[in-house]
Amino acid sequence: MNEKEYDFVIFGAGAIGSSIGAWLYPHYNKVCFLDRKEIANELKEKGINIYLNEEKDKIQKINVPVIEDLNEKPDTDVVILATKNYSLDAVAQEIKAKLGDPIIIALQNGVENQKILPKYFSKIIYGTICWNAWKDSPSVLGFSSWQKPEEGKPKTGSLFLGTVGDKNPELEGIMKNIVNIFNKGFDAQISNDFQNTIHTKMVTNLGNCVLTLAGHKFREISSMKTLAKITTNVLNEGVQILKAAGYSEYPMDGVTSWGLVGLGAKLPASISKFIFQKKVKHYPMNSMQQDIILHKGNQSELDYFNGYFLELANKVGVKAPYNQGIYDVCKEEFAKPNFEPLDVADIWEKIEGNL
Ligand SMILES: NC(=O)C1=CN([C@@H]2O[C@H](COP(=O)(O)OP(=O)(O)OC[C@H]3O[C@@H](n4cnc5c(N)ncnc54)[C@H](OP(=O)(O)O)[C@@H]3O)[C@@H](O)[C@H]2O)C=CC1
Ligand SMILES: CC(C)(CO)C(=O)C(=O)O
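On a predicted model such as this, the values are computed, not experimentally measured, just so you know.

### Some thoughts on the layout of surface pockets
Within this model, the second largest pocket holds a volume of roughly 410 Å³. Along its surface, the second largest pocket is lined by 24 residues, and Pro154, Lys155, Thr156, Gly185 and Phe186 are the ones closest to its centre. In the lining of the second largest pocket, the residues fall into 11 nonpolar, seven polar and six charged.

Here it is, written out as structure tokens:
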């Protein structure tokens with residue numbers, strides 16, 4: 001197949017936008033980054049510095065082209081949207097006003113983007129991210145890959161791309177081209193079943209708020225057993241809700257399987273805590289912890305993850321007391337001006353009454 005040389009703009013040089021750009025740019029240079037002035041200036045001056053193979057003492061510096069405004073790149077073919085869900089509507093309006101109807105690659109967790117983006121664009125490819133990334137400063141990027149390491153190849157993350165709704169042959173062709181380009185720098189593949197792919201991933205995201213509330217990696221966890229019990233039940237309710245709503249599991253390397261989630265919820269917490277500990281050690285800091293703890297913000301994707309599942313639970317008549325309890329506590333705590341993670345024993349006390 002002839003490869004079309006698309007011009008890409010990565011909108012949002014945060015954890016995910018920067019990791020994709022840092023992996024791709026050395027192999028395909030028609031990529032540029034866009035972020036707000038302060039971040040853009042630091043990237044222009046210092047480049048992206050990525051911890052190679054996840055090791056902090058091995059840093060690769062990549063000097064990347066950076067813009068602050070889409071008007072600097074009117075010929076953009078593809079916008080890789082790497083902002084959070086809560087920024088998406090404003091960002092979509094800006095893209096529409098400045099570029100019209102470019103190809104969009106939407107990398108948000110969850111399905112809120114499927115509500116927002118079709119209002120503005122006609123060629124949308126969605127992505128499910130299978131890695132964890134964070135920024136130690138605007139120009140310093142860490143990531144944790146879930147891929148099995150390949151001999152002689154640096155570690156990267158894995159991305160599943162797909163479309164939703166009726167198949168459009170033109171868009172499917174564009175997606176194949178884009179996957180070929182992405183594969184120059186990192187692992188990307190097409191999922192022909194995108195709704196199940198993203199919903200399978202979202203089960204993991206139900207745990208983001210629990211780890212944020214408990215301050216995993218930010219404060220002492222007084223009882224790993226209690227944290228495991230809460231998280232595993234939150235995830236297991238998610239699986240039950242999805243099954244009742246007619247979704248099925250789409251297996252992805254490193255994404256916790258529904259079988260393991262079910263087993264974790266069935267086993268006594270004194271045993272399931274070992275499975276849980278093994279899993280969470282690969283999540284240095286999830287995206288919600290970055291919003292709420294690291295950046296001390298009070299915006300998060302809670303409503304698009306646990307809130308979405310609670311709505312779905314209500315629709316399909318499945319009880320979700322762990323999710324409801326955790327959602328209510330997070331809503332209250334995250335809104336506080338100086339959020340401090342809670343002791344898991346206190347979290348348990350707050351949700352226990354709901355169960
Ligand atoms: N981080 C992770 O490990 C993972 C994240 N995801 C998902 O990927 C998506 C992106 O997450 P992540 O990379 O962590 O997010 P970040 O918050 O790290 O990055 C988003 C970037 O976009 C910038 N931005 C937002 N609005 C604008 C705007 N109008 N103009 C210019 N820049 C803007 C933000 O700046 P500012 O902060 O100033 O608004 C920020 O620098 C989320 O949906 C998340 O759930 C999926 C898997 C893993
Ligand atoms: C990496 C992972 C799965 C952590 O929950 C994620 O998607 C996020 O941080 O939002």
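### Digging into helix α14 (residues 344-352)
Regarding α14, the residues found buried are Val344, Ile347, Trp348 and Ile351. Angular distribution of buried residues about the axis of α14 spans 100°; they occupy a single face of the element. Next to the buried residues of α14 lie α7 (208-214), α8 (224-244) and α13 (321-334).

### Focus: the pattern of salt bridges
In total, this model carries 14 salt bridges according to the counting rule given. Here Lys98 and Glu94 are joined by a salt bridge, their closest N and O atoms 3.4 Å apart. Taken together, the residues span about one helical turn, with Lys98 and Glu94 both in helix α3 (residues 88-99) at a distance of four residues. Judged by its relative accessible area of 27%, Glu94 is partly exposed. Within this structure, Lys37, Lys44 and Glu68 form a network of salt bridges that share partners.

### Description of the site of ligand 2
Residues in close proximity to ligand 2 include Asn109, Trp131, Asn132, Trp146, Lys201, Thr204, Asn205, Asn208, Asn286 and Ser287, which together make up its full environment. At a separation of 2.9 Å, an oxygen atom of ligand 2 approaches a polar side-chain atom of Asn109. With respect to ligand 2, the side chain of Lys201 contributes an N or O atom lying 2.8 Å from an oxygen atom. For ligand 2, whose accessible area on its own is 280 Å², the fraction buried by protein is 96%. If you list the elements that add at least two residues to the shell around ligand 2, you get β8 (124-137) and α6 (194-205). Tallying contributions element by element places α6 first for the shell around ligand 2, with three residues. When its residues are assigned to classes, the shell around ligand 2 shows two nonpolar, seven polar and one charged. There are two domains that each give the shell around ligand 2 at least three residues, and those are domain 1 (8-192) and domain 2 (199-352).

### A closer look at the side chain of His199
Assignment of secondary structure puts His199 in helix α6. A distance of 3.4 Å separates a polar atom in the side chain of His199 from a polar atom in the side chain of Tyr247. With residues up to four places along the chain from it excluded, the contact list for His199 reads Val111, Leu242, Tyr247, Tyr308 and Phe309.

### Quick look at the nonpolar core
Leu81, Ile95, Ile104, Leu117, Leu213 and Ile326 are the most contacted members of the largest nonpolar core, which has 75 residues in total. With eight residues, the single largest contributor to this core is α8. Per-domain counts for this core show at least three residues from each of domain 1 (8-192) and domain 2 (199-352). Ile20, Val78, Leu161 and Ile178 belong to the second-largest nonpolar core, a separate cluster that totals 43 residues.

### A short note on unusual backbone geometry
Phi is positive for Lys217, close to 75°, though the residue is something other than glycine. In this structure, Lys217 sits in the loop between α7 and α8. Judged by its relative accessible area of 48%, Lys217 is partly exposed. Here Lys296, not a glycine, exhibits a phi torsion of approximately 50°, which is positive. Position of Lys296 among the secondary structure elements: in the loop between α11 (287-294) and α12 (302-316). Overall, the relative accessible area of 68% leaves Lys296 in the exposed class.

### Looking at the site of ligand 1
Lining the immediate environment of ligand 1, one finds 26 residues, of which Ile16, Asp35, Asn132, Ala133 and Glu301 sit closest. Within the contact set of ligand 1, an oxygen atom lies 3.1 Å away from a backbone nitrogen or oxygen of Ala15. For ligand 1, an oxygen atom lies 2.8 Å from a polar atom in the side chain of Asn132. Alone, ligand 1 offers 890 Å² of accessible surface; in the complex the protein occludes 85% of this. Elements supplying a minimum of two residues to the shell around ligand 1: α1 (15-24), β8 and α11.

Criteria and cut-off values
- Residues numbered from 1 in each chain as written.
- Chains lettered and ligands numbered in written order.
- Predicted model: local features only at pLDDT ≥ 70, side-chain atom pairs only at ≥ 80, totals over all residues.
- Heavy atoms only, no water.
- 1 Å grid on protein atoms, 1.4 Å probe; cavity = no way out; pocket = protein on both sides within 12 Å on 5 of 7 lines; lining within 4 Å.
- Points joined across faces, edges and corners; volume = space filled by probe spheres on them.
- Nonpolar A, V, L, I, M, F, W, Y, C, P; charged D, E, K, R; others polar.
- Buried < 20%, exposed > 50% of the residue type's maximum accessible area, 1.4 Å probe, protein only.
- Helix = DSSP H or I, 4+ residues; strand = E, 2+ residues; numbered from the N terminus.
- Arc of directions from axis to C-beta.
- Contact = heavy atoms within 4.5 Å.
- Salt bridge = Lys/Arg side-chain N within 4 Å of Asp/Glu carboxyl O.
- Near = heavy atom within 4 Å.
- Polar contact = N/O pair within 3.5 Å; in protein donor to acceptor, adjacent residues only side chain to side chain.
- Areas by Shrake-Rupley, 256 points an atom, 1.4 Å probe, with all protein chains shown as cover.
- Domains from an automatic or database assignment.
- Core = buried A, V, L, I, M, F, W, Y, C linked by side-chain atoms within 4.5 Å.

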